[in-house]
Amino acid sequence: SACGRSNQPEQAFDFWRAMHLQGLSPNLIAFSALISACAKSKKPERALEVFEEMQAHGVRPDVITYNAMISACEKGPQPERAVDFFKAMQHEGLAPD
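1. Some words on the pattern of salt bridges
So, point 1. Within the structure shown, the criterion is met by 3 salt bridges.
So, point 2. When the shortest N-O distance is used, the salt bridge between R81 and E45 registers 3.2 Å. You can see R81 sitting in helix α6 (residues 80-91) and its partner E45 sitting in helix α4 (residues 44-56), a full 36 residues away along the chain.
So, point 3. Owing to a relative accessible area of 26%, R81 belongs among the partly exposed residues under this scheme.
So, point 4. Overall, E45 belongs to the partly exposed group, its relative accessible area being 39%.
So, point 5. Linking E92 and R60 is a salt bridge whose minimum nitrogen-to-oxygen distance equals 2.2 Å.

Reading guide: rules and limits
- Residues numbered from 1 in each chain as written.
- Predicted model: local features only at pLDDT ≥ 70, side-chain atom pairs only at ≥ 80, totals over all residues.
- Heavy atoms only, no water.
- Salt bridge = Lys/Arg side-chain N within 4 Å of Asp/Glu carboxyl O.
- Helix = DSSP H or I, 4+ residues; strand = E, 2+ residues; numbered from the N terminus.
- Buried < 20%, exposed > 50% of the residue type's maximum accessible area, 1.4 Å probe, protein only.

Have a look at this one:
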């Protein structure tokens, strides 16, 4: 995501809130982009919040989503969570890339 690459996750969240205000439902791509922005800006807890929201909306993660979560977790205070997401990805039958 452009906001993640420019290290401006707040802009990504502003866009996210604007989507919600307009009644738009986020899809897998939107969730993954926001998680990626959190990972790139070293905000693993926010990435986890987005991941949990994605699951609450019934959106299933793909390999891109899992890779973003692994990246976010490895940069945070609990890098062992990265292993948990790797195992979850494998459990879902997804191969790491």
